[in-house]
Amino acid sequence: MSFQQPYLLLLLALVPIAALAAWWIARRGSRYPVAFTNLDVLAEVAEVEGRSLRRFAPIALLLVALALAATAAAQPRATLTVTGEDATVVLLVDVSGSMRANDVEPTRLDAAVAAMKTFLSKIPSRYQVGLVDFSSSTEVLMPPTTDRNAINEALAYLLPETGTAIGDGLDTAVKLAKASLAQSGVQPNGKQIPAAIVLLSDGAQNRGSIQPLAGAREAKKAGIRVYTVALGTQHGVVTFGFGQYLNSIPVPPDPTTMTQIARLTGGKTFTAASASQVSDVYKTLGSQIGRRKERRSIGAWFAGGAALALLGAGAAGIALGPRLP
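Residues numbered from 1 in each chain as written. Predicted model: local features only at pLDDT ≥ 70, side-chain atom pairs only at ≥ 80, totals over all residues. Heavy atoms only, no water.

Draft legend 1. Structural context of the overall build of the protein chain. Each helix and strand counted, the protein chain has 10 helices and 11 strands in total. In the protein chain, buried positions account for 41% of the 325 residues. The contacts of the protein chain with a sequence gap of at least 6 include a subset with a gap of at least 24, amounting to 80%. Accessible surface, the protein chain: about 17,700 Å² in total, of which carbon and sulfur atoms supply 58%. (Helix = DSSP H or I, 4+ residues; strand = E, 2+ residues; numbered from the N terminus. Buried < 20%, exposed > 50% of the residue type's maximum accessible area, 1.4 Å probe, protein only. Contact = heavy atoms within 4.5 Å. Areas by Shrake-Rupley, 256 points an atom, 1.4 Å probe, with all protein chains shown as cover.)

Here it is, written out as structure tokens:
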């Protein structure tokens with residue numbers, strides 16, 4: 001926390017001064033202890049005022065109000081996590097043949113679909129979400145929309161196919177995000193724009209005309225962060241054929257490429273070797289994407305606290321003050 005007018009914090013010195021003044025007044029006691037002719041009443045009042053610590057509550061609340069007001073006057077600022085008003089997120093999913101592997105149960109693709117459904121339940125409902133898959137080529141299954149049911153239905157069309165064209169997938173996702181934002185009047189300006197791509201892949205590129213890092217550079221140029229998930233284990237295999245023609249092909253993920261893409265675009269990278277891990281990754285992303293750190297004034301918080309403390313002091317004074325029959 002910082003202050004725009006830090007010199008006004010000197011007003012906090014009034015708090016101990018006021019506390020000492022209140023203590024001195026309380027020590028003086030009453031000059032006229034026999035102003036009451038009824039000594040029984042006097043004894044009751046003296047006991048309440050002299051013995052109970054509760055009588056200091058109004059003073060304590062006044063001191064708190066003074067401290068909070070002095071802090072508010074110094075115009076404090078803090079870094080807060082805020083949610084953007086509008087954002088577009090494109091889910092970019094690898095549907096290469098290796099997504100059939102069952103090292104992530106029940107299969108890599110099934111685990112990914114379940115995790116993306118969790119993501120949709122976590123991300124703010126006003127955010128538009130699109131869905132793109134890629135294997136040897138890319139396909140837009142759902143343009144960005146706020147209709148979560150439509151996205152969930154589109155997820156059912158994800159099926160394992162053939163190769164892995166990560167760069168082409170990124171290129172398609174970037175164009176889709178830019179087109180969606182353009183409809184809202186947002187144009188790339190070399191800075192971060194309210195858009196993100198969540199890329200999940202379980203292997204290295206082996207198809208396509210655009211290299212992964214070339215696609216990442218396009219995302220960076222547009223101001224779009226790419227969050228990457230490398231899915232699968234190093235021992236994952238896909239089995240083809242049957243009987244004596246059965247053949248197993250190793251299909252390890254490529255976390256190095258995923259890390260490079262995320263680092264280049266300012267996003268984050270994750271690895272997931274189980275269904276629970278990929279679910280946790282998407283749950284985390286759903287809670288983070290679209291939120292940013294921002295310096296904001298919090299003086300109103302302290303001013304509000306001062307007002308409440310002042311009201312509390314008045315109420316305490318009325319409730320705890322001595323009452324004469």
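There's plenty left to go through after this.
Draft legend 2. Region of interest: unusual backbone geometry. In this structure, the amide linkage connecting Glu 105 to the following residue, Pro 106, adopts the cis form with an omega of -5 degrees. Relative to the helices and strands, Pro 106 resides in the loop between strand 3 (88-94) and helix 4 (108-122). The residue Gln 75 is not glycine, and still its phi comes out positive at about 55 degrees. Along the chain, Gln 75 falls in the loop between helix 3 (57-73) and strand 2 (76-83). In this structure Gln 75 comes out as partly exposed when scored by relative accessible area, which is 32%.

Draft legend 3. Structural context of helix 7 (residues 212-222). Of all the residues in helix 7, the buried ones are Pro 212, Gly 215, Ala 216, Ala 219 and Ala 222. Angularly, the buried residues of helix 7 cover 120 degrees about the axis, an arc narrow enough to put them on a single face. At its buried positions, helix 7 is contacted by helix 6 (166-183), strand 7 (225-231) and helix 8 (255-265). Immediately downstream of helix 7, the backbone of Gly 223 shows phi near 80 degrees, a positive value. (Arc of directions from axis to C-beta.)

Draft legend 4. Highlighting the environment of Val 237. Inspection of the secondary structure puts Val 237 in strand 8 (residues 237-240). Note on Val 237: relative accessible area 36%, which makes it partly exposed. Separated by 15 residues in the primary sequence, Val 237 and Pro 252 place their C-alpha atoms 7.7 Å from one another. Apart from residues lying up to four places away in sequence, Val 237 is in contact with Ala 101, Ile 249, Pro 250 and Val 251.

Draft legend 5. Up close: a nonpolar patch on the surface. Residues Leu 20, Trp 23, Trp 24 and Ile 25 make up a contiguous nonpolar surface patch of about 510 Å² in total accessible area. As for its placement among the helices and strands, Trp 23 is situated in helix 1 (residues 14-28). (Patch = residues over 30% accessible without salt bridge, like charges linked within 9 Å, V, L, I, M, F, W, Y side chains within 5 Å. Salt bridge = Lys/Arg side-chain N within 4 Å of Asp/Glu carboxyl O.)

Draft legend 6. Here's a closer look at the packing of helix 6 against helix 7. Two numbers describe how helix 6 lies on helix 7: the axes approach to 7 Å, and their chain directions differ by 15 degrees. The angle between helix 6 and helix 7 falls in the class roughly parallel. With respect to the hand of their crossing, helix 6 and helix 7 are arranged in left-handed fashion. Contacts between helix 6 and helix 7 pair Ile 166, Gly 167, Leu 170, Val 174 and Lys 178 from the former with Pro 212, Gly 215, Ala 216, Glu 218, Ala 219 and Ala 222 from the latter. Looking at the contact of helix 6 with helix 7 residue by residue, the class counts come to 7 nonpolar, 2 polar and 2 charged. (Axes fitted to C-alpha atoms, helices over the stretch in contact; angles between N-to-C directions. Parallel < 35°, antiparallel > 145°, perpendicular 65-115°, else oblique. Left-handed = near helix turned anticlockwise from the far one by under 90°. Nonpolar A, V, L, I, M, F, W, Y, C, P; charged D, E, K, R; others polar.)

Draft legend 7. Focus on the nonpolar core. Ranked by size, the top nonpolar core spans 39 residues in total, and within it Met 116, Phe 119, Leu 158, Leu 200, Val 278, Tyr 282 and Leu 285 carry the most contacts. Leu 285 has contacts with Phe 119, Val 198, Tyr 227, Val 229 and Phe 270, leaving out every residue within four places of it along the chain. Core analysis: the next-biggest nonpolar cluster, separate from the first, contains 23 residues, Phe 134, Val 174, Leu 181 and Ile 197 among them. (Core = buried A, V, L, I, M, F, W, Y, C linked by side-chain atoms within 4.5 Å.)

Draft legend 8. Representation of the sheet that holds strand 4 (residues 128-134) within the structure. Judged by pairing direction, the sheet is mixed, and its 6 strands sit side by side in the order 5-4-3-6-7-10 without closing on themselves. Pairing within the sheet leaves two strands with one partner each, and these edge strands are strand 5 (138-145) and strand 10 (269-272). Taken over all neighbouring pairs, the strand axes of this sheet differ in orientation by 15 degrees on average, direction set aside. Bridge count between strand 3 and strand 4: 7 bridges; the pairing is parallel. Across the sheet, Leu 91 pairs through a bridge with Leu 131, a residue of strand 4. (Pairing = 2+ DSSP bridges.)

Draft legend 9. Examining the pairing of strand 7 more closely. The element strand 7 is extensively covered by neighbouring structure, given that 6 of its 7 residues are classed as buried. Of the strand pairs in this sheet, strand 6 (residues 195-201) and strand 7 are connected by 6 bridges, and their pairing is parallel. From the neighbouring strand, Leu 200 faces strand 7, where its bridge partner is Val 229. For the crossover that starts at strand 6, traverses helix 7 and ends in the parallel strand 7, the hand is right-handed. Summarising the sheet, strand 7 and strand 10 pair through 4 bridges and their orientation is parallel. Across the sheet, the residue bridging to Leu 231 is Ala 272, located in strand 10. (Right-handed = clockwise from strand over helix to strand, strands pointing away.)

Don't take any of this as a statement about function, it's just geometry.
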